[in-house]
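# Per-entry structural report
Okay, here's what each chain looks like letter by letter:
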Amino acid sequence: MKSKIIEKHRSLLVLSNRQIQKNFCLMQLECPEETDSILPGQFLTVVLPSKESLIPRPFSILDAGKSKITIFYKILGKGTQLLSLIKKGEFLKVLFPLGNAFPNVPVNHLVLLSGGIGCVPIFFYMKRLAQSHKTDTCKVKVYLGASDADHFFFLDQMKRWKFDISLSTDNGSLGKKGTCLDALKEDMKQGKKVSAMLACGPYPMLKAVAHFGEDRRIPAYLAMEQVMGCGFGACMGCAVPVKDKKQAYKMVCMDGPVFESKEIQWEPG
Amino acid sequence: MKPDLSIHIGQLMMKNPVTTCSGTFGQGDIFKDFFDINQLGALTTKSVTLKPKNGNPPPRIAETPSGYLNAIGLANPGVEAFIKKYGTYFEKLSIPVIVSIAGTSPEEYAEVALRLTQRMPVQGIEINISCPNVRDEGLQFAFNPKAAASVVKAVRKKTALTLLIKLSPNTDQNVAIAKACISEGADAICAINTLQAMAIDVNTRKPKLANITGGLSGPAVKPVALRWVYELSRHIRVPIVGMGGIATAEDALEFIVAGATAVAVGTANFYNPCAVPEIIHGMKSWLSSRKIKSIGLLRNTLRTESIYNHK
Ligand SMILES: Cc1cc2nc3c(=O)[nH]c(=O)nc-3n(C[C@H](O)[C@H](O)[C@H](O)COP(=O)(O)OP(=O)(O)OC[C@H]3O[C@@H](n4cnc5c(N)ncnc54)[C@H](O)[C@@H]3O)c2cc1C
Ligand SMILES: Cc1cc2nc3c(=O)[nH]c(=O)nc-3n(C[C@H](O)[C@H](O)[C@H](O)COP(=O)(O)O)c2cc1C
Ligand code: FES
């Protein structure tokens, strides 16, 4: 699904930027223009206030509406470190909304899967679902995975939306031990039906979800990442291998970031 | 006062001296959401080859201090798909279009040039002999005057369009290469392409690019590019299109002072999609605030005298 791209470089006012947990930051930007048309799965890029780090950094949109855009990011390297130092009241050059979005699939027996920081677009999707559906009866189930109990984010908000939520951790410190996909598999053994999966998380997780979906003939839509040079289709940098007779690669920023799992070439060809 | 920015390169009439670096501006179409492409002096497109090319596996991009490292690998749809897709689009533009071409043999370059000349509204052809990211393509021609000239000769036989030849910074042969290419009919010299380079993640001990090595661009390479333009301008008479790290109007004007007739903006487009109109506007105001009537008056005006030179 493609929304109209408001491709303009804009200086947005930083309303807040704080670490809500060690190395995880929430940043709110003021956006006087239309934000309701921004869709879950879409991303923005931020130009860092640095003459040395030039590449704009891409981040999924966590929330948009009421003249505000929110992102949630993990401090990884130089760029995100710099970003974490930005103060309320400063301006940032931002380009958005970029990319396609998660499709609107029938909600009956829909499954959302998130691993780690992959919760960002999943959270946004849940919010939009909660605005348009009765979440306690619509049979959407959300599987959240994290390394440990301390790395689930926005859980209280998600619970307020009354989704059926399953938690799993790598070390078993909260919820089930294992991955979010393990948890889904277990539920399916108990008879759970699944109509489609939307997923975001690290590459190995997305690959496992894709293979699982193909085995069970369940459509899966995955929000993918790739190192980007521009974010809007100019550099051909953000290639992801695809199963396509016409082209070996698609571009995450233009053709994605959401791909149907069967499009992706997972094994080196 | 409105300074005159117009220049010409061969038969190309440009209303201002600013074009785009091949491979950094798509085919121009993507940038229409940012500004009117017709503001450019000329549009230069991504290198196109005879057959489609997939390009290199990812990651294709890495960041280095004030620079971009890339190994795209000349990903392009091939000349046939290119003509089909962009023919009518180019026709609607009011500015000259320069198509960059690449290949593995002089015959291949010539064939691509022929098809473009016959079937596309194109005004110039830029011969890319200098892409560092494909093992078989081009580079063999970038380091050797005879080999480079053989490409120009083959292409010149098939087209009367303005021919530009794009040089690599990864050789000390560029003056000889430029001269050999001019004698075979090249109308202008473009300098420079990217610098061969690499980046390593020490924690994983992996190269940051899947291709291991790549090409460096952006502000980090500007001093290297400037020196090449200066060096070439002292030895050749045809116009030089200067490129490498240009991000501001001052950057662009430095290249003109060093001897360039025109300039191209590349990597800056990625982090500032409005870089080109900003640079054109900035050049205009710089000239008018100093009451310099035309851009030509600034060309090749490097002042090398020194107050300490008492010889
Ligand atoms: C569409 C998309 C959405 C994203 N959404 C989020 C998000 O919501 N929250 C979040 O924390 N992160 C997100 N990321 C990842 C984020 O862009 C990178 O973590 C960030 O750019 C790293 O910058 P750095 O300078 O701190 O790290 P660097 O030191 O540059 O690199 C650290 C690591 O991050 C990888 N990386 C660098 N640049 C990128 C890039 N442009 N894309 C992907 N990986 C990269 C590097 O390969 C390296 O392994 C997203 C990436 C994409 C492509
Ligand atoms: C991502 C990327 C792709 C490029 N692709 C091409 C290409 O297809 N053909 C070419 O002649 N040069 C290509 N170049 C080189 C540029 O045209 C230019 O010569 C070089 O990047 C220096 O200028 P800059 O620092 O302003 O980018 C590419 C550069 C980059 C960064
Ligand atoms: S990031 Fe440049 S094309 Fe996708």
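Residues numbered from 1 in each chain as written. Chains lettered and ligands numbered in written order. Predicted model: local features only at pLDDT ≥ 70, side-chain atom pairs only at ≥ 80, totals over all residues. Heavy atoms only, no water.

### With respect to the domain arrangement of chain A
One frequent convention defines the size of an interface as the accessible area lost when the parts assemble. All names here are of chain A. We count it as follows: An automatic or database domain assignment is the source of the domain bounds shown. Contacts between residues were defined by any pair of non-hydrogen atoms, one from each residue, lying within 4.5 Å. By buried area we mean the combined loss of accessible area, with a 1.4 Å probe, across both parts when two parts are placed together. Any carboxyl oxygen of Asp or Glu that lies within 4 Å of a side-chain nitrogen of Lys or Arg is treated as forming a salt bridge with it. Pairs of N or O atoms within 3.5 Å make up the polar contacts considered here, provided that, within protein, one atom can donate a hydrogen while the other can accept it, and that residues adjacent in sequence are counted only when both atoms are side-chain atoms. Strands here mean DSSP runs of E at least two residues long; helices mean DSSP runs of H or I at least four residues long; both are numbered from the N terminus. Gly counts as polar in this scheme, as do all residues outside two lists: the nonpolar Ala, Val, Leu, Ile, Met, Phe, Trp, Tyr, Cys and Pro, and the charged Asp, Glu, Lys and Arg.
Domain annotation of chain A identifies domain 1 (10–98), domain 2 (110–213) and domain 3 (224–269). Centre-to-centre, using C-alpha coordinates, domain 1 lies 23 Å away from domain 3. Each side of the interface is counted separately: domain 1 has 8 residues, and domain 3 has 8 residues. For the pair domain 1 and domain 3, the two sides together bury roughly 580 Å², of which 73% comes from carbon and sulfur. It is F43, I55 and L98 in domain 1 that bury the most area against domain 3; as a group they hold 49% of the surface buried on that side. Here domain 1 is connected to domain 3 by 0 salt bridges. The tally of links from domain 1 across to domain 3 stands at 0 residue pairs in polar contact (both at pLDDT 80 or more). Elements with a minimum of two residues in the side of domain 1 that touches domain 3: β3 (43–47) and β7 (91–98). Among the residues making up the side of domain 1 that touches domain 3, the classes are represented as 6 nonpolar, 2 polar and no charged.

### Overview of the nonpolar core
The following threshold applies: Put simply, a nonpolar core is a bunch of buried Ala, Val, Leu, Ile, Met, Phe, Trp, Tyr and Cys residues held in one set by side-chain atoms that sit within 4.5 Å of each other. For the exposure calls, accessible area comes from a 1.4 Å probe over protein chains only, and a residue counts as buried if that area is under 20% of its type's maximum, exposed if over 50%, partly exposed in between.
B:I101 and B:I127 are the most contacted members of the largest nonpolar core, which totals 148 residues. When neighbours within four sequence positions are excluded, B:I101 is seen to be in contact with B:V48, B:Y109, B:V112, B:A113, B:L116, B:I125, B:E126, B:I127, B:N128 and B:V155.

### So, the layout of surface pockets
What counts, and what does not: Note on definitions: the grid is 1 Å and covers protein atoms alone; a cavity is a set of points where a 1.4 Å probe fits but cannot get out; a pocket is an open set with protein on both sides within 12 Å along at least five of seven lines; lining residues have an atom within 4 Å of a point. Grid points are joined across faces, edges and corners, and a volume is the space filled by probe spheres set on the points.
Counted as a void, the second largest pocket has a volume near 870 Å³. Taken together, 28 residues make up the lining of the second largest pocket; nearest its centre are A:M236, A:Q247, B:P77, B:K85 and B:Y86. The set of elements that each furnish at least two residues to the lining of the second largest pocket consists of β15 (249–251) of chain A together with α1 (79–92) of chain B. Partitioning the lining of the second largest pocket into residue classes produces 12 nonpolar, 7 polar and 9 charged.

### Quick word on the site of ligand 2
Residues and elements named next belong to chain B. What counts here: Only a single heavy atom is needed: when it lies within 4 Å of a molecule or strand, its residue is near that molecule or strand. For the accessible areas, the method is Shrake-Rupley and the probe is 1.4 Å, while residue cover comes only from the protein chains on display. Whether a molecule sits in a cavity or pocket is decided by its atoms, more than half of which must lie within 2 Å of the grid points.
Contacts to ligand 2 come from 23 residues, most closely from S22, S47, K166, G245 and T267. Residue S47 places a side-chain N or O atom 2.7 Å away from a nitrogen atom belonging to ligand 2. In the environment of ligand 2, an oxygen atom lies 2.7 Å from a nitrogen or oxygen atom belonging to the side chain of K166. Taken by itself ligand 2 offers 610 Å² of open surface, and the protein chains cover 98% of this. Taken atom by atom, the bulk of ligand 2 overlaps the largest cavity. Partitioning the shell around ligand 2 into residue classes produces 7 nonpolar, 14 polar and 2 charged.

### Concerning the site of ligand 1
All names here are of chain A. Near ligand 1 you find 19 residues, and of these R57, P58, K74, G79 and T80 are the closest. Within the backbone of G79, a nitrogen or oxygen atom sits 2.6 Å from an oxygen atom of ligand 1. At a separation of 3.1 Å, a nitrogen atom of ligand 1 approaches a polar backbone atom of Q226. If ligand 1 stood free it would expose 840 Å²; the protein chains cover 77% of that surface. When residues of the shell around ligand 1 are traced back to their parent elements, those giving at least two are β4 (57–60), β6 (68–74) and α1 (78–84). At 4 residues, β4 tops the list of elements feeding residues into the shell around ligand 1. Shared between two domains, the shell around ligand 1 holds at least three residues of each, these being domain 1 (10–98) and domain 3 (224–269).

### Quick word on the interface of chain B and chain A
At the junction of the two partners, chain B supplies 30 residues and chain A supplies 30 residues. Taken over both partners, the interface formed by chain B and chain A buries close to 2300 Å², and the fraction arising from carbon and sulfur atoms is 62%. Between A:R57 and B:E63 there is a salt bridge, with its nearest N and O atoms 2.9 Å apart. Where the side of chain B that touches chain A is concerned, the elements lending two or more residues are β5 (61–64), β6 (67–70) and α8 (268–271) of chain B. The element that contributes the greatest number of residues to the side of chain B that touches chain A is β5(B), accounting for 4 residues.

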